[in-house]
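Spelled out from the first residue to the last, the chains are:
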Amino acid sequence: MIQSLESLNVTALHLRGVAVESLNETLSEALCLPMRKTRLLSQIIYQKTQGYPLFVVEFLDVLLTEKLITHDKDLGWKWDAGAIELKEMSINVAELLSSKLQRLPQNVLYALQVMSCFGSHVDSKIINIVKNNSDIVGPMIIPALQAAQNEGLVDFAGHTLTFTHNMIQQAAFDLIPSTTCAQLLLRLACCFMNQCNSSEPKSTLFVAVDLINRIGAEVVSNNAEQCFSFASLNLDAGKKAMEITDFASALKYFNSGISFLRGRNHWDDRYELCLGLFENAASANYCEGKHKIAVTQANIVLENARNFEDKFKSYCVFINVIGIESMNEAIEKLHSLLSYLGGSMDPKTITSPMFDIEARKVKEMLKGDNKLKILYACRMTDRKQLMKMKAMAILTIYYSRQRSFMGGYLACQMIRLSCEHGHCEDTAYALSLFAFTVSNVQNDAVEACALVRSSLSLSKIYNTDDLITRTYPIIFGLVLILEEPLHSILDPMLKACRLSFVRNVESAIWNTFIYVARSFQCGKDLFLLMNEVNAFAQQHKLHDQMDFIEIHLAPFHKFLCSLTGTPLRSDFLSN
């Protein structure tokens with residue numbers, strides 16, 4: 001049987017797609033339109049299908065289903081060329097194009113391999129840096145990529161080179177010989193590391209570190225200095241990611257940096273590097289809601305740090321995790337921190353009348369133009385005082401949750417400290433909190449509004465998202481509401497809400513509560529507000545804040561449904 005099969009004459013047929021001109025002619029006839037009107041559509045479809053009839057039919061079917069091509073009885077056939085161009089090609093076409101890679105000229109394949117190291121989308125700035133480095137590709141990369149574009153493997157859109165399918169990018173990367181892959185990634189990383197001191201160090205730093213992390217710690221494990229250098233770059237990239245509130249990316253960088261330490265204890269010979277990686281990893285894990293890991297890494301710092309100042313940031317992470325379960329225990333530990341810093345304060349000895357007297361003194365101290373003294377003062381530089389301000393700022397949050405006057409009393413102490421040692425980020429928060437005391441306890445709306453405007457002016461100096469999430473609900477939701485129209489305060493409060501979910505999850509509950517309340521008060525469209533409440537609920541679910549949803553958002557959602565005659569959402573409380 002096998003012998004008879006082997007004796008058969010077999011003819012191999014190599015199928016090719018139709019030319020773009022033929023495709024255009026077919027589309028023109030099918031859509032009953034002149035060829036000049038269907039030419040652009042034909043070119044896009046050809047790029048996505050390479051002209052293979054089966055793939056063309058399949059792609060057109062998708063366009064019709066997704067209504068990217070529609071028919072109007074008066075205007076005939078219409079389509080959105082821009083949206084169709086952004087449509088990803090099918091897996092079948094991607095597989096076909098991937099098989100083309102090995103038949104490409106060597107220079108074109110190498111250019112694609114280099115670009116594949118950067119992912120599926122490559123910024124033109126990256127291409128220019130590679131183009132200017134003759135050790136890797138040099139200027140010949142541009143014509144090579146243009147040839148790849150002609151083959152339908154990549155596309156240029158604006159300032160971005162895009163592989164026409166992720167499968168093609170992965171196939172190009174997989175074709176890099178395993179013996180030279182790490183070497184190529186390292187050469188590319190070095191190329192971008194040299195650019196880190198240029199006008200755009202942040203973007204090139206991320207590119208360099210992403211390449212380094214693709215190499216991995218195992219490949220360079222025999223070169224200790226290179227491991228430390230790569231760990232340091234990951235630390236820098238993680239800090240930059242923290243600044244832009246990208247905690248997930250920051251955590252990846254910190255963890256990668258720790259992996260380059262090769263699992264060994266380098267606290268003696270690389271103290272600053274280890275301290276930076278572990279304390280920042282603890283903070284990033286806390287911000288991502290990974291509290292157990294945050295405590296583990298904070299404990300590593302507490303065990304190895306050389307002095308109290310280096311332990312302080314990890315102490316705060318540790319205490320904040322404790323505060324999730326027990327506010328009283330967190331308050332007790334924060335007072336212990338303050339005592340160590342020389343700010344001893346026994347809350348049991350401070351009474352409400354004492355707070356009233358202190359608040360009046362501070363109000364008099366800041367009366368009129370005296371507020372400018374804080375704004376025009378120098379920045380606080382004494383590390384001990386900065387830690388004291390941070391500890392008191394955290395304490396005010398816990399006391400505010402307990403509705404205790406101690407939050408206002410601490411705000412007074414923070415203002416006094418700022419008058420003596422200069423302002424810092426927490427000064428702006430203290431001013432906003434004290435302004436609420438002036439309006440709510442002393443019933444002086446005019447002075448309270450003047451104080452929050454000073455807080456806003458000081459906030460602009462520091463310009464941090466974390467400060468917005470802490471101060472905006474007080475400034476706009478509790479104080480400026482006394483003078484400003486209700487509708488004018490909603491936008492900044494919504495900004496604080498959105499930022500709190502990525503920057504300061506603990507403040508998300510308060511931001512959501514005050515925004516929803518003020519939105520209802522100002523007469524916002526009930527259907528729009530109901531959609532916002534539902535969106536907030538989904539965000540709070542992601543952060544496991546179910547108690548807040550059940551106690552506050554769910555009843556309010558039910559109330560809005562009854563007002564609008566809308567059925568209750570069955571998934572509102574589902575996890």
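## Overview of the sheet that holds strand β4 (residues 154-157)
Then comes step 1: Ordered by their spatial adjacency, three strands build an open sheet running β3-β5-β4, and the pairing between neighbours is antiparallel. The outermost strands of the open sheet, each flanked by one partner alone, are β3 (121-123) and β4. On average, each strand axis in the sheet is inclined to that of its neighbour by 25 degrees, with strand direction left out of account.
Then comes step 2: Note that β3 and strand β5 (residues 160-163) share three bridges and pair antiparallel. The residue bridging H121 from the neighbouring strand is T162, located in β5.
Then comes step 3: Helix-sheet contacts for helix α9 (residues 141-150) involve β4 and β5, and the interaxial angle to β4 is about 110 degrees.

## Examining the packing of aromatic side chains
The geometry of an aromatic ring pair comes down to the distance between the two centres and the angle between the two planes.
Then comes step 1: All told, the structure shown has 16 aromatic pairs when counted by the stated rule.
Then comes step 2: Arranged with centres 5.6 Å apart and planes meeting at 80 degrees, the rings of F230 and F260 form a pair that is edge-to-face. Taken as a pair, F230 in helix α13 (residues 224-243) and F260 in the loop between α14 (247-259) and α15 (271-287) lie far apart in primary sequence, 30 residues in all.
Then comes step 3: Assessed through its relative accessible area of 1%, F260 is described here as buried.
Then comes step 4: Every member of this aromatic cluster is reached through a ring pair, and the members are F308, F312, Y315 and Y340.

## Some points on the packing of helix α7 (residues 106-116) against helix α10 (residues 166-174)
Then comes step 1: Between α7 and α10, the least distance of the axes is 8 Å, while the angle of their chain directions is 105 degrees. Taken together, the axes of α7 and α10 are roughly perpendicular relative to one another. Between α7 and α10, the contacting residues are L112, Q113 and S116 on the first element and Q169, A172 and F173 on the second.
Then comes step 2: Residue composition of the contact of α7 with α10, grouped by class: three nonpolar, three polar and no charged.

The rules behind each value
Positions within a chain are numbered from 1, following the residues in the order the chain's sequence is written. The predicted nature of this model means local features are confined to residues of pLDDT at least 70 and side-chain atom pairs, given and counted, to a pLDDT of 80 or more, with totals for whole chains, interfaces and linings taken over all residues. The side-chain values count all of the structure's non-hydrogen atoms but skip hydrogen atoms and water molecules. For two strands to be treated as a pair, DSSP must find no fewer than two bridges joining them. Secondary structure follows DSSP: runs of H or I at least 4 residues long count as helices, runs of E at least 2 residues long count as strands, and numbering of each begins at the N terminus. Orientation is described by lines fitted to C-alpha atoms, with helices fitted over the stretch in contact, and by angles between N-to-C directions that extend from 0 to 180 degrees. Residues count as neighbours in contact if any of their non-hydrogen atoms are within 4.5 Å of one another. The rule is short: rings of Phe, Tyr and Trp, with Trp giving its six-membered ring, pair when the centres are within 6.5 Å, and they are stacked under 30 degrees, edge-to-face over 60, tilted in between. The buried label applies to any residue whose accessible area, calculated with a 1.4 Å probe on protein chains only, is under 20% of its type's maximum; exposed applies above 50%, and partly exposed to all values in between. Note that the term roughly parallel is reserved for angles under 35 degrees, roughly antiparallel for angles over 145, roughly perpendicular for angles of 65 to 115, and oblique for everything else. In this classification, the charged set is Asp, Glu, Lys and Arg, the nonpolar set is Ala, Val, Leu, Ile, Met, Phe, Trp, Tyr, Cys and Pro, and all remaining amino acids, among them Gly, are polar.

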